[in-house]
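# A structural walkthrough
Each chain, letter by letter, is given below.
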Amino acid sequence: MQLTVLSGAGISAESGVPTFRDVETGLWAKVDPYEISSSEGWQRHPERVWAWYLWRHYMMDAVEPNNGHRAVAAWQDYADVHVVTQNVDNLHERAGSTNVHHLHGSLFEFRCDACESQFEGVLPAMPEPVEEVEPPLCFCGGLIRPNVVWFGEPLPERAWQQSVAAVGNSDLVIVVGTSSIVYPAAGLPEAALANGIPVIEVNPQRTPLSDSATVSLRETAASALPGLLQRLPTLLG
Ligand code: BV8
Ligand code: ZN
């Protein structure tokens, strides 16, 4: 059986990583996620965008995968699992998932904004969250940026093509922890449904996908995913 898991920030919520949009807490309360995750934001004040991503990079050292990530990794013993994630964290990989496609990039890769070369240098330290840090410079003089996809930027071609193929070849798509409003990622479950592939949504809140999903579970990732495969005969009939 081929299974594709499409995950969003909600699967990392129970690891203590704030989701993208309920950012009332912490440093994020002061930033508009749309503004600070955009190329305009980067052009306007790179030192603020750089500080935000550097903090999120270091914050990953303090969190662990949760039972949701671990369940997805365990499914590899029963199915051919593709993980298509909008998340830029590395928790799927740390839980043991080996087939992970990052549609929106990663907090662990950095590149030059000018010559695109990968940054292999030493990252500046960040003992505690600060709001502005000058980005390092590339040998060509360009600014080093996080290798993430900002609004208005194209998705990485290879990850996108692999994700479209994974969904198209799947017997089941499980969509977990995403508000399903960011495209083209949010279009993947729609394509699955249009091809008669069942889609199960796991999200404590309703989303624009909830009405069209084959099954929509108002449950959290860490509670629903560990027993989900055993529930498939009941859920899908
Ligand atoms: C592109 C950067 C083209 C990395 C991010 C009008 C209509 C349609 C589309 C558009 C439009 N105008 C513009 C667009 C395109 C735009 C878009 O979709 N905008 C939306 C907002 C309308 N898309 C783009 O710009 C994309 N690029 O289209 O390029 C192009 C082509 C060629 C050449 C040039 C250009 C780029 C999109 C990527 C943007 N970058 N992030 C980072 O910093 O993380 S997106 C950002 O939102 C995050 O990365 C995240 O991945 C993404 C989605 O958020 P979610 O993961 O869903 O998180 P969210 O907080 O929203 O929701 C969490 C969910 O979890 C909630 O539902 C909650 O209920 C649930 N939850 C909470 N706790 C739990 C839980 N679930 C389970 N268990 C729990 N415990
Ligand atoms: Zn450069």
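Residues numbered from 1 in each chain as written. Chains lettered and ligands numbered in written order. Predicted model: local features only at pLDDT ≥ 70, side-chain atom pairs only at ≥ 80, totals over all residues. Heavy atoms only, no water.

## Looking at the UniProt feature "binding site: substrate" (unreviewed entry) in the protein
The condition is simple: UniProt positions are given in the numbering used here, feature names are shortened, and annotations may be inferred rather than shown by experiment. Numbered from the N terminus, helices here are DSSP runs of H or I no shorter than four residues, and strands are runs of E no shorter than two. In what follows, residue pairs with any heavy atoms lying within 4.5 Å of each other are defined as contacts. We call a residue buried when its accessible area falls under 20% of the maximum for its residue type, exposed when it is over 50%, and partly exposed in between, using a 1.4 Å probe and counting protein chains only.
Under the UniProt annotation, "binding site: substrate" (unreviewed entry) lies at Y53 and R56. On the secondary structure map, Y53 appears in helix α4 (residues 46-59). In contact with Y53, other than residues within four places in its own chain, are I36, S37, L107, P146, V148 and W150. Of note, R56 is situated in helix α4. A relative accessible area of 9% places R56 in the buried class.

## Quick word on the pattern of salt bridges
The test is simple: Whenever Lys or Arg places a side-chain nitrogen within 4 Å of a carboxyl oxygen from Asp or Glu, that contact is recorded as a salt bridge.
Enumeration over the complete set of coordinates arrives at five salt bridges. For the salt bridge of R111 with E116, the shortest nitrogen-to-oxygen distance reads 3.7 Å. A salt bridge links R231 to E219; the shortest N-O distance between them is 2.9 Å. Highlighted residues: R231 in helix α10 (residues 228-236) and E219 in the loop between β8 (215-217) and α9 (221-224), separated in sequence by twelve residues. A relative accessible area of 28% places R231 in the partly exposed class. For E219, a relative accessible area of 24% gives the class partly exposed.

## Brief notes about the pairing of strand β4 (residues 105-112)
In regular strands, side chains alternate between the two faces of the sheet. For clarity, the cut-off: Here a strand pair is declared whenever DSSP counts at least two bridges between the two strands.
Where burial is concerned, most of β4 is hidden: six out of the eight residues are buried. In this structure, β4 lies alongside strand β5 (residues 144-148), joined through four bridges in antiparallel fashion. By the bridge assignment, C112 is partnered in β5 with I144.

## Details of the nonpolar core
Worth spelling out the cut-off: By nonpolar core is meant a set of buried Ala, Val, Leu, Ile, Met, Phe, Trp, Tyr and Cys residues that side-chain atoms within 4.5 Å join together. Residue ranges for the domains originate in an automatic or database domain assignment.
Counting residues in each nonpolar core, the largest one holds 27 residues, and the members touching the most others are W50, Y53 and I144. Put simply, the parts of the chain that give this core at least two residues each are α4, β4 and β5. Of all the elements, α4 adds the most residues to this core, at eight residues. Both domain 1 (1-17 + 65-104 + 154-237) and domain 2 (18-62 + 106-148) contribute no fewer than three residues apiece to this core. Excluding its chain neighbours within four sequence positions, the residues that come into contact with W50 are W42, F110, L123, P124, V133, E134, P135, P136, I144, R145 and P146. Grouped together as the second largest cluster of nonpolar side chains are 23 residues, W75, L172, A224 and L229 included.

## Details of the sheet that holds strand β1 (residues 2-7)
Quick reminder of the rule: To define axes, lines are fitted to C-alpha atoms, for helices over the stretch in contact only, and angles between the resulting N-to-C directions are given on a 0 to 180 degree scale.
Strand order in the open sheet made by the six strands is β3-β2-β1-β6-β7-β8, with parallel pairing throughout. Where the open sheet ends on each side, the last strands, each with one partner, are β3 (100-102) and β8. Pairwise comparison of adjacent strand axes, ignoring direction, gives a mean angle of 15 degrees for this sheet. Inspection of the sheet shows β1 paired to strand β6 (residues 172-176) by five bridges, in the parallel sense. Bridged to S7 within β6 is V176. Set on the sheet, α10 makes contact with β1, β6, β7 (199-202) and β8; between it and β8 the angle comes to about 130 degrees.

## Concerning the domain arrangement of the protein
For the record, the criterion: By definition, the buried area sums, over both parts, the 1.4 Å-probe accessible area that each loses when the two are put together. Definition of a polar contact: a pair of N or O atoms within 3.5 Å, with one able to donate and the other able to accept a hydrogen when the atoms are protein atoms, and with sequence-neighbouring residues admitted only if both atoms are side-chain atoms. All amino acids are sorted into three groups, where Ala, Val, Leu, Ile, Met, Phe, Trp, Tyr, Cys and Pro are nonpolar, Asp, Glu, Lys and Arg are charged, and the leftover types, Gly among them, are polar.
The domain boundaries assigned to the protein delineate domain 1 (1-17 + 65-104 + 154-237) and domain 2 (18-62 + 106-148). Distance from the C-alpha centre of domain 1 to the C-alpha centre of domain 2: 26 Å. In total, about 980 Å² of surface goes out of reach between domain 1 and domain 2, with carbon and sulfur atoms giving 66% of it. Applying the counting criterion to the domain 1 and domain 2 interface returns zero salt bridges. In this assembly, domain 1 and domain 2 are joined by two residue pairs in polar contact (both at pLDDT 80 or more). Sorting the residues of the side of domain 1 that touches domain 2 by element identifies α1 (10-13) and α6 (91-95) as the ones contributing at least two each. Residue composition of the side of domain 1 that touches domain 2, by class: seven nonpolar, five polar and two charged.

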